[in-house]
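Spelled out, the chains give:
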Amino acid sequence: MKRPGVDTFAGVEGRHETETERSDRNWIELIQELRVAQTGIQVLAGFLLTLPFSSRFGDIDDRHRYTFLVAFSLAVITVGLMTAPVSLHRFLFGRHEKDTLVRVGAWFAKLGMVFMGLTLVAVVMLIFGVVLDDTAGVIAGVAVLAFYSLAWGVLPVVVLQRTKKH
């Protein structure tokens with residue numbers, strides 16, 4: 001329903017909303033997505049933070065220490081990417097830049113998901129490498145990388161292409 005004096009448009013979903021309403025809705029949806037992802041990566045980063053202080057950490061070899069440092073570094077970067085939209089919101093708050101906020105925030109979220117996937121690959125490599133051996137670590141890491149590439153990359157693109165055809 002069009003409101004008098006307000007320019008509305010029907011978006012992809014057939015919604016009739018102002019550009020401001022669309023930006024507000026997109027921001028809320030982005031924040032909800034980030035909440036889901038942030039929880040997981042923050043728990044993982046916290047877990048990784050405790051490992052060097054455990055008694056058995058001194059028993060692992062240098063390869064596994066380096067894998068740990070890569071995993072931990074990726075987790076820290078992921079937390080930064082996933083929380084960057086909140087910082088950006090603080091700087092842009094009240095400046096009528098919600099569309100910019102949504103666009104840049106979505107970019108951070110996508111990059112954060114890439115880094116989250118890489119973090120999980122490194123963690124799987126570390127765990128399988130320590131528990132079994134390095135070969136098992138590499139195989140498990142490649143399997144996880146393939147899974148996330150398919151689930152988080154290929155599948156959304158395929159679904160989007162099929163949606164456009166209908």
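Read on for a plain summary of the structure. (Residues numbered from 1 in each chain as written. Predicted model: local features only at pLDDT ≥ 70, side-chain atom pairs only at ≥ 80, totals over all residues. Heavy atoms only, no water.)

With that settled, the discussion passes to the overall build of the protein. What the protein contains, in helices and strands, is 4 helices and 2 strands. The order of helices and strands in the protein, counted from the N terminus, is β-β-α-α-α-α. Taking 2.2 N^0.38 as the reference for a compact globule, 166 residues should give roughly 15 Å; the C-alpha atoms of the protein span a radius of gyration of 21 Å, well beyond that estimate. Principal axes of the C-alpha set define a box for the protein whose edges measure 70 × 40 × 15 Å. Across the 166 residues of the protein, 28% fall into the buried class. When contacts within the protein are restricted to residue pairs at least 6 apart in sequence, those whose partners lie at least 24 apart make up 61%. Summed over all atoms, the accessible surface of the protein reaches about 11100 Å², with 66% contributed by carbon and sulfur. Side chains of the protein carry 17 positive and 15 negative charges; the gap between the two charge centres is 5 Å. (Helix = DSSP H or I, 4+ residues; strand = E, 2+ residues; numbered from the N terminus. Rg over C-alpha atoms; globule rule 2.2 N^0.38 Å. Buried < 20%, exposed > 50% of the residue type's maximum accessible area, 1.4 Å probe, protein only. Contact = heavy atoms within 4.5 Å. Areas by Shrake-Rupley, 256 points an atom, 1.4 Å probe, with all protein chains shown as cover. Lys, Arg positive; Asp, Glu negative; His and termini not counted. Charge placed at Lys NZ, Arg CZ, Asp CG, Glu CD.)

It is worth spelling out the packing of aromatic side chains at this point. Enumeration over the complete set of coordinates arrives at 5 aromatic pairs. The interplanar angle of 15° and the centroid separation of 6.1 Å between the aromatic rings of Phe68 and Phe72 together place this pair among those described as stacked. On the criterion of helical spacing, the pair formed by Phe68 and Phe72 is a turn pair, its members being 4 residues apart in helix H2 (residues 62-92). Consider the rings of Tyr148 and Trp152, whose centres lie 4.3 Å apart with planes at 40°: the pair is tilted. Here the residue Tyr148 and the residue Trp152 both occupy positions in helix H4 (residues 134-165), the gap between them amounting to 4 residues, near one helical turn. Among the aromatic residues, those joined into a cluster by ring pairs are Phe57, Phe68 and Phe72. Across the ring face of Phe93, the terminal group of Arg90 is positioned such that the distance to the ring centre comes to 4.7 Å. (Phe/Tyr/Trp six-rings, centres within 6.5 Å; stacked < 30°, edge-to-face > 60°. Lys NZ or Arg CZ within 6 Å of the ring centre and 35° of its normal.)

So, on to the pattern of salt bridges. Across all of its chains, the model carries 7 salt bridges by this definition. Between Lys98 and Asp24 there is a salt bridge, with its nearest N and O atoms 2.8 Å apart. Within this pair, whereas Lys98 is found in helix H3 (residues 98-131), its partner Asp24 is found in helix H1 (residues 19-50), the two being separated by 74 residues in sequence. A relative accessible area of 29% means that Asp24 is categorised as partly exposed. Each member of the salt-bridge network shares a partner with another, and the members are Glu17, Arg25 and Glu29. (Salt bridge = Lys/Arg side-chain N within 4 Å of Asp/Glu carboxyl O.)

Let us now look at the packing of H1 against H3. One way to put it is that H1 packs onto H3 with a least axis distance of 10 Å and a crossing angle of 25°. Classified by the angle between their axes, H1 and H3 sit roughly parallel to one another. Pair H1 / H3 crosses with left-handed handedness. Listed contacts from H3 to Arg22, Ser23, Asp24, Asn26, Trp27, Leu30, Leu34, Ala37, Ile41, Leu44 and Leu48 of H1 are Lys98, Asp99, Leu101, Val102, Gly105, Ala106, Ala109, Met113, Met116, Thr119, Leu120 and Val123. (Axes fitted to C-alpha atoms, helices over the stretch in contact; angles between N-to-C directions. Parallel < 35°, antiparallel > 145°, perpendicular 65-115°, else oblique. Left-handed = near helix turned anticlockwise from the far one by under 90°.)

What follows concerns the environment of Val70. For Val70, the location among the structural elements is in helix H2. Residue classification places Val70 among the partly exposed positions, given a relative accessible area of 45%. Taking C-alpha positions, Val70 is 8.9 Å from Val123, a pair spaced 53 residues apart along the chain.

Our focus in this paragraph is the environment of Asp99. Counting through the fold element by element, Asp99 comes out in helix H3. Relative accessible area serves as the criterion here: at 38%, Asp99 is assigned to the partly exposed category. Setting aside anything within four residues of it in sequence, one finds Asp99 in contact with Arg22 and Ser23.

Everything listed here is a matter of coordinates, which is why it stays silent on function.
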